[in-house]
Amino acid sequence: MTEEIIIAGFGGQGVLSMGKILAYSGAMQNKEVSWMPSYGPEMRGGTSNVTVIISDERINSPTLNQFDTAIILNQQSMDKFENSVKPGGLLIYDPNGISAHPTRKDISIYQVAGTDKSLELGNARLSNMIMLGGFLKLKPVINPEFLRKGLEKSLPERHHKLIPDNEKAVEVGKEILVPIHVL
Amino acid sequence: MAKEIKLMKGNEAIAEGAIRCGCDGYFGYPITPQSEILEHLTLENPYPKTGMVVLQAESETASINMVYGGAACGKRVMTTSSSPGISLMQEGLSYIAGAELPALVVNVVRGGPGLGTIQPSQADYFQTVKGGGHGDYKLITLAPASVQEMYDFVELGFDLAFKYRNPVMLLSDGVIGQVMEKVEVGDYKPRWTNEYIAKNHPWALVGKPESRGHNIITSLQLDPVVQEKVNHKLQAKYKVCEENEVRYETFQTEDAEILLVAYGSSARICQKVVQLGREAGIKVGLLRPITLWPFPKKPLLELSKQVKSILTVEMSAGQMIEDVKLAVECRVPVQHYGRYGGMIPTPTEIFEVLKTL
């Protein structure tokens, strides 16, 4: 098993931390993992993306241009990465702020209304975990017990009280997945 | 002790490797994309635990000269920076090489020339292996391609530096510095005592006992006859190093007809290209130099008798390609594919070039 993922959105939407939680959880599950961020001006409010690879085998290139899954959180990232999903692959996106929806017919496309749902729950910072939930429902590459360990590892201890809320958000994401185009 | 696995950035692995291998001192000045090294050292605060000094100097010039001073005392000292900062250190590096002192310098290369970009690059190859400073000197150069190697090569670098009394450069780049991967870390090793240094490195300035004369550390000789002797000694040392310290690895070269040559993060990307090529029925393999100096000339010459063409892939306009061409003595055509200025080549675009060979 090798899952090559791109997560992309605005800086501040939790793109890098979502990737980090995935990578830590994979590592806890004894998988090979790599987490390669875009770094630099993006961190200060522009677009931000991270390539996460989870595999049973040794990982070769940590930087990629074709992905099994793209998790897209804004229009710029949709424009940039829709065509980077491998044929037969998966695109999950948050429809909030998307004006030009994806049109490809050779990949599976799902919406997860992470932003809207997180506001409904009263904490905008949970939107990335809701998106992650949608992904894990479709591709259960991480077992729930290891997701918890991943959260414990990737969050500083002072934030550990937030772990139950994050786990709940993942469950919410699994429930609000909307299929747009399914292969 | 059970194996301890951590998930870290390449930069953090450099810092962790330094603390755990018994490094005595780090002197550096922050610069992207390697600031996490100083950040991690500061957060870990090793001084109470191991006695390792971590100091943010006022500049890169100061850093390298602090390293010069520490090295003269037989201490395991290091600095790290990225391309523009490493340029500022060239005078110091030449002095350290001239004075035959062991030291470790890490360059997490970014796009140039000039202040350039903060994204990954490999355009400092010439500066590193052809002598960025003045005079006939060499830096033993290690090119890590994973976070594990970032960790491991810190200790290896110190070992080689002391074995040859020569500065060692760890030539990395923004990809390997920024990527997070699993790392197996070792136990904390104690720092060397002054007694150990005096016994094993008798050239070091540890205080003069009555039983011997002064130790003098200098790179200055006023008499050219003496300076020529210094150079003879350096060249003899470099020859031994070339015979004994070449490191490289190969991927699927057994039946290869096309050979990729790449180091560092480019080598990781090229492993993907080998996979794509093999899936398409192309007999392609990869040679990855681990030491850039001394360069793996012999294995390349051997492979040149087997393959019909060679492609070097570098994040530069083509620098290592010159050493590859020298190594294979024009037996096969050698071509270059590169991206510059902070752009990273994709596996697919290299694969497209591969198909034209």
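Just so we're clear, the structure is a prediction, and the values are computed from it rather than from any experiment.

Peer 1: A description of unusual backbone geometry should follow, citing residues and the corresponding values.
Peer 2: Peptide bonds are trans in most cases, and residues, glycine excluded, mostly fall at negative phi. With omega at 0°, the peptide bond leading from Gly112 of chain B into Pro113 of chain B counts as cis. Considering the arrangement of structural elements, one finds Pro113 of chain B in the loop between strand S5 (103-109) and helix H7 (125-129). Here Asn30 of chain A, not a glycine, exhibits a phi torsion of approximately 70°, which is positive. Within the secondary structure layout, Asn30 of chain A lies in the loop between helix H1 (15-28) and strand S2 (32-37). Notably, Arg165 of chain B is not glycine yet its phi reads approximately 45°, a positive angle. Mapping Arg165 of chain B onto the fold places it in the loop between helix H8 (147-164) and strand S7 (167-173).

Peer 1: How would you sum up the sheet that holds strand S6 (residues 140-142) of chain B? Please name residues and give values.
Peer 2: Residue and element names in this part refer to chain B. In space, the seven strands of this open sheet follow the order S3-S2-S4-S5-S7-S6-S12, with mixed pairing throughout. Of all strands in the sheet, those with a lone pairing partner are strand S3 (53-56) and strand S12 (291-293), marking the two edges. Each adjacent strand pair in this sheet contributes to an overall mean axis angle of 20°, direction not counted. Looking at chain direction, strand S4 (residues 77-81) and S5 are connected through four bridges and run parallel.

Peer 1: Quick rundown of the packing of helix H4 (residues 60-72) of chain B against helix H6 (residues 90-98) of chain B? Include the residues and the values.
Peer 2: All names here are of chain B. Contact pair H4 / H6: the axes reach a minimum separation of 8 Å and the direction vectors enclose 15°. Between H4 and H6, the crossing angle belongs to the class labelled roughly parallel. Every pair of crossing elements has a handedness; the one defined by H4 and H6 is left-handed. Contacts between H4 and H6 involve Ile64, Val67 and Tyr68 from the former and Gly92, Leu93, Tyr95 and Ile96 from the latter. Grouping the constituent residues of the contact of H4 with H6 by class yields six nonpolar, one polar and no charged.

Peer 1: Just give me the short version of helix H12 (residues 264-279) of chain B, but keep the residues and values in it.
Peer 2: All names here are of chain B. In a regular helix each residue adds 1.5 Å, so 16 residues correspond to 22 Å; H12 covers 24 Å between its end C-alpha atoms and thus fits that length. Counting buried positions along H12 gives 12 out of 16 residues, so the element sits mostly inside the fold. Three or more residues of H12 are buried, namely Gly264, Ser265, Ser266, Ala267, Arg268, Ile269, Cys270, Gln271, Lys272, Val273, Val274 and Gly277. The positive-phi residue at the C-terminal boundary of H12 is Gly281, with phi of around 80°.

Peer 1: Quick one: what's the story with the domain arrangement of chain B, residue by residue and with numbers?
Peer 2: All names here are of chain B. Along its sequence, chain B is carved into domain 1 (4-194) and domain 2 (249-355). The straight-line distance from the C-alpha centre of domain 1 to that of domain 2 is 27 Å. Listed as interface residues are 29 residues of domain 1 and, on the opposing side, 25 residues of domain 2. Between domain 1 and domain 2 lies a buried interface of about 2,200 Å² when both sides are counted; carbon and sulfur atoms form 55% of it. Three residues stand out in domain 1 for area buried against domain 2, namely Gln122, Tyr125 and Phe126, and they jointly supply 32% of the buried area on that side. The tally of links from domain 1 across to domain 2 stands at three salt bridges. With a closest N to O distance of 2.5 Å, Glu149 and Arg288 form a salt bridge.

Peer 1: Describe the pattern of salt bridges, and please don't skip the residues or the numbers.
Peer 2: Evaluated as defined, the whole model comprises 34 salt bridges over all chains. The residue Lys31 of chain A makes a salt bridge to Asp56 of chain A at a minimum N-O spacing of 2.8 Å. With Lys31 of chain A in the loop between H1 and S2 and Asp56 of chain A in the loop between strand S3 (47-55) and strand S4 (67-72), this pair connects stretches of sequence that are 25 residues apart. In this structure Lys31 of chain A comes out as buried when scored by relative accessible area, which is 13%. One salt bridge connects Glu302 of chain B with Lys305 of chain B, and the closest N-O pair in it is separated by 3.1 Å. Taking the relative accessible area as the measure of exposure, Glu302 of chain B reaches 48% and is therefore partly exposed. Taken together, the salt bridges that share partners define one network made up of Glu4, Asp68 and Lys86 of chain A together with Lys272 of chain B.

Peer 1: Can you tell me about the pairing of S5 of chain B, naming the residues and giving the values?
Peer 2: Residues and elements named next belong to chain B. Counting buried positions along S5 gives seven out of seven residues, so the element sits mostly inside the fold. Burial of the side chains of S5 extends over both faces: Ala103, Val105, Asn107 and Val109 are buried on one face and Leu104, Val106 and Val108 on the other. Here S5 runs beside S7; their pairing, made up of seven bridges, is parallel. Each bridged residue has a counterpart across the sheet, and for Leu104 the counterpart in S7 is Val168.

What counts, and at which threshold
- Residues numbered from 1 in each chain as written.
- Chains lettered and ligands numbered in written order.
- Predicted model: local features only at pLDDT ≥ 70, side-chain atom pairs only at ≥ 80, totals over all residues.
- Heavy atoms only, no water.
- Helix = DSSP H or I, 4+ residues; strand = E, 2+ residues; numbered from the N terminus.
- Pairing = 2+ DSSP bridges.
- Axes fitted to C-alpha atoms, helices over the stretch in contact; angles between N-to-C directions.
- Parallel < 35°, antiparallel > 145°, perpendicular 65-115°, else oblique.
- Left-handed = near helix turned anticlockwise from the far one by under 90°.
- Contact = heavy atoms within 4.5 Å.
- Nonpolar A, V, L, I, M, F, W, Y, C, P; charged D, E, K, R; others polar.
- Expected span 1.5 Å × (residues − 1).
- Buried < 20%, exposed > 50% of the residue type's maximum accessible area, 1.4 Å probe, protein only.
- Domains from an automatic or database assignment.
- Buried area = accessible area lost by both parts, 1.4 Å probe.
- Salt bridge = Lys/Arg side-chain N within 4 Å of Asp/Glu carboxyl O.

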